[in-house]
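Overview (structure and organization)
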Amino acid sequence: MSTKVKTRFAPSPTGFLHVGGARTALFNWLYARASGGTFLLRIEDTDEARHSEASVAQILDSLSWLGLDWDEGPYFQSRRIEIYREHLERLRHSGAIYPAFESKEELEEMRARALAEKRNPIYDRRSLRLDPGDIARRHAAGEPFVWRFRVPDDGATQVPETLMLGAAEGSFENAAIGDFAITRPGTLEQPGMPLYNFVCTVDDALMGITHVIRGVEHLSNAPKQVLLYRALGFEPPAFTHLPLIMKGARKMSKRDADADPRFPVSVSARRDLGYLPEATVNFLALMGWSHPQAEELFSRDALIANFSLDRLSRSNANFDEDKYLHHNGWYIRHLPPADLTARVRPFLEQAGFALAGRNEGWLAEVIALEAERCKLLADFAPALGYFFVRPTEFEPKGVKKFFADSEALGRLKDMAAALEAVQPFTRAGIETAVRALAERTGLSLGALSQPVRLALTGRTFSPGLFEVLELLGREESLARIEAAQALIPVA
Ligand code: GLU
């Protein structure tokens, strides 16, 4: 009998959603969508000290921006403490866990000694040897303790892991696991908060998760969770641990956060730079998965149609910034003009350009001028600024070349006169007029265009001059040509 697939994304809200977390969310979402299953969102917020509501909001916002919609949740673990306590009671009754009273310092010392003696630094079961009277005395005195899971002495724990281990290798020696804590320190009156491996297992089991897909850094948790599943009488899910994401030779981490402002690790900062969600999803899908026909650019629907877990790779994935940018540029170039305009608009507004009263069709044409070149939405504002603000600075090397002398002045004046007469003021009409002027004066189109380009844009490089003239309009173009004349020294 096949059960319906149910996956989950279970972030700890300690900060923003980073690209690695987004990749995990994406693969869970994709697998659910590809198999007609359910995708659930669970916020793992039992560590009160490190969690914030702002972080939850930002994670949800980033997931929504990526289009990774969830069918269930968000569940908050902080609101499920009673449930965990019930299951903890079950483990206590069955003798699967025991209280351990060692202080942090004692545990550190235990660990240091084991390492010095080249032993596996696992818990030495000191508290397991306490007699019941001793335990009762310590409880009565309010001594803090944690609950530890009693791992079987020998044998191995089989982990149903489909990627990193594969069926044959999915076996962990119990003797090497160590009795792990499932709560923070607490007392009988004030129980310690339950810890990740335990709450995660309880939730995955109660929520009916069939496939756990997450980063490889959680692989060592899998045998502990399987032991907990068994002790609680639940069937473990299938685990898939995704390969590391590398940036060059280093593991990409939340901690190299925003070291280079061009390459932030948070999804929201990527959005603010003008990465598109489509490009981000496409790019992240390639961090550990490959398309059956080795395609690099694919729509979300094509991705869902082609996604399967057996095309995941165990090898580290390489976060190639050039590729991400290239993908983004491709998506920008392929957006319908109205859609591109809507997405660029906030970036123009943020740059302080007055858009009120600007015709939408005009704006779309202006934006289309740079769609081939801009790889990020944020590139449009600096590229198109001269459409909104008259330039006050002019490229010095252009000034030297094109605003040099009375000859340059003459060219600007001739162009102004020609433009004055163009009727209607369209790119085709302008082109005809400028070509006629070139013919008449024997000057090249370039020689006539460059001074005007500099006058209009402040730059020596811009989209086609006829388009720029048309979109700036006759009046504004002539005013700029007039203003530029004052910059030309006349002997
Ligand atoms: N809260 C854990 C994390 O953010 C979830 C790990 C898991 O998916 O089991 O890393």
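Each remark here, short or long, concerns the structure printed above.
I will try to describe carefully the structure that is included in this document. (Residues numbered from 1 in each chain as written. Predicted model: local features only at pLDDT ≥ 70, side-chain atom pairs only at ≥ 80, totals over all residues. Heavy atoms only, no water.)

1. Some points on the packing of helix H19 (residues 445–457) against helix H20 (residues 465–472)
Two quantities define a packed helix pair, namely the angle between the axes and the distance from one axis to the other. In the contact formed by H19 and H20, the axes pass within 11 Å of each other and the chain directions differ by 40°. Between H19 and H20, the interaxial angle falls into the category oblique. Considering only the axes of H19 and H20, their crossing is left-handed. Contacts between H19 and H20 involve Ser449, Val452, Arg453, Leu456 and Thr457 on the former and, on the latter, Leu465, Val468, Leu469 and Leu472. (Axes fitted to C-alpha atoms, helices over the stretch in contact; angles between N-to-C directions. Helix = DSSP H or I, 4+ residues; strand = E, 2+ residues; numbered from the N terminus. Parallel < 35°, antiparallel > 145°, perpendicular 65-115°, else oblique. Left-handed = near helix turned anticlockwise from the far one by under 90°. Contact = heavy atoms within 4.5 Å.)

2. Regarding the site of the ligand
Looking at the ligand, the residues that line it are Arg8, Ala10, Pro11, Ser12, Glu44, Tyr196, Cys200, Arg214 and His218. One of the side-chain nitrogen or oxygen atoms of glutamate 44 is found 2.6 Å away from a nitrogen atom of the ligand. Taking arginine 214, its side chain carries an N or O atom lying 2.8 Å from an oxygen atom of the ligand. In terms of residue class, the shell around the ligand is built from 4 nonpolar, 2 polar and 3 charged. (Near = heavy atom within 4 Å. Polar contact = N/O pair within 3.5 Å; in protein donor to acceptor, adjacent residues only side chain to side chain. Nonpolar A, V, L, I, M, F, W, Y, C, P; charged D, E, K, R; others polar.)

3. Description of the pairing of strand E2 (residues 38–43)
Most of E2 is tucked away: 6 of the 6 residues are buried. In E2, alternate side chains face the same way, and those of Thr38, Leu40 and Arg42 on one face and Phe39, Leu41 and Ile43 on the other are all buried. One ladder, built from 4 bridges, connects strand E1 (residues 6–9) with E2; its direction is parallel. Note on E2: the bridge partner recorded for phenylalanine 9 is leucine 41. Running through helix H1 (residues 19–34), the crossover from E1 to the neighbouring parallel element E2 is right-handed. The pairing of E2 with strand E3 (residues 72–76) spans 3 bridges and is parallel. By the bridge assignment, arginine 42 is partnered in E3 with tyrosine 75. Note on the crossover from E2 through helix H2 (residues 53–66) to E3: the handedness is right-handed. (Buried < 20%, exposed > 50% of the residue type's maximum accessible area, 1.4 Å probe, protein only. Pairing = 2+ DSSP bridges. Right-handed = clockwise from strand over helix to strand, strands pointing away.)

4. Comments concerning the side chain of arginine 480
For arginine 480, the position within the fold is in helix H21 (residues 474–485). Assessed through its relative accessible area of 3%, arginine 480 is described here as buried. Of note is the side chain of arginine 480, whose polar atom sits 2.7 Å from the backbone oxygen of leucine 456. The residues contacting arginine 480, other than those within four sequence positions of it, are Tyr386, Phe387, Val389, Arg390, Pro391, Ala455, Leu456 and Leu472.

5. Quick look at helix H13 (residues 337–350)
For H13, spanning 14 residues, the distance from its first C-alpha to its last is 20 Å, which sits close to the expected 20 Å at 1.5 Å a residue. Largest kink in H13: about 30°, centred on valine 344, with the proline proline 346 one to four residues after it. When we look at burial in H13, the residues that qualify are Leu340, Thr341, Arg343, Val344, Phe347 and Leu348. The secondary structure elements touched by the buried residues of H13 are helix H9 (267–273), helix H10 (277–285), helix H12 (321–334), helix H14 (360–370) and helix H15 (380–384). Glycine 352 lies just past H13 and shows a positive phi near 90°. (Expected span 1.5 Å × (residues − 1). Bend = angle between axes of the 7 residues up to and from the residue.)

6. Notes on H1
For H1, which comprises 16 residues, the first-to-last C-alpha distance of 22 Å matches the rise-based estimate of 22 Å (1.5 Å per residue) to within 8%. With its phi angle positive at about 65°, glycine 36 sits one or two positions after the end of H1.

7. Brief notes about the sheet that holds strand E10 (residues 245–247)
Whether parallel or antiparallel, the strands of a sheet pair through hydrogen bonds between backbone atoms. The 3 strands are arranged E11-E10-E12 in an open sheet whose pairing can be described as mixed. This sheet does not close on itself; its edge strands, each paired only once, are strand E11 (250–251) and strand E12 (317–318). Where E10 meets E12, 2 bridges bridge the pair, whose relative direction is parallel. Looking at the pairing, isoleucine 245 lines up with alanine 317 of E12.

8. Concerning the pattern of salt bridges
Where charged atoms from two side chains of opposite charge come close, those side chains can pair. According to the stated counting rule, one finds 38 salt bridges in the structure shown. Across the salt bridge formed by arginine 8 and aspartate 204, the nearest N and O atoms sit 2.9 Å from each other. In this pair, arginine 8 is assigned in strand E1 and aspartate 204 in helix H7 (residues 196–206), connecting sequence segments 196 residues apart. A relative accessible area of 1% places aspartate 204 in the buried class. (Salt bridge = Lys/Arg side-chain N within 4 Å of Asp/Glu carboxyl O.)

9. Comments concerning the sheet that holds E1
Strand order in the open sheet made by the 3 strands is E1-E2-E3, with parallel pairing throughout. Bordering the open sheet on either side are E1 and E3, each of which pairs with just one other strand. The mean angle between the axes of side-by-side strands here comes to 25°, regardless of whether they run parallel or antiparallel. H2 rests against E1, E2 and E3 of the sheet, and its axis sits at about 160° to E2.

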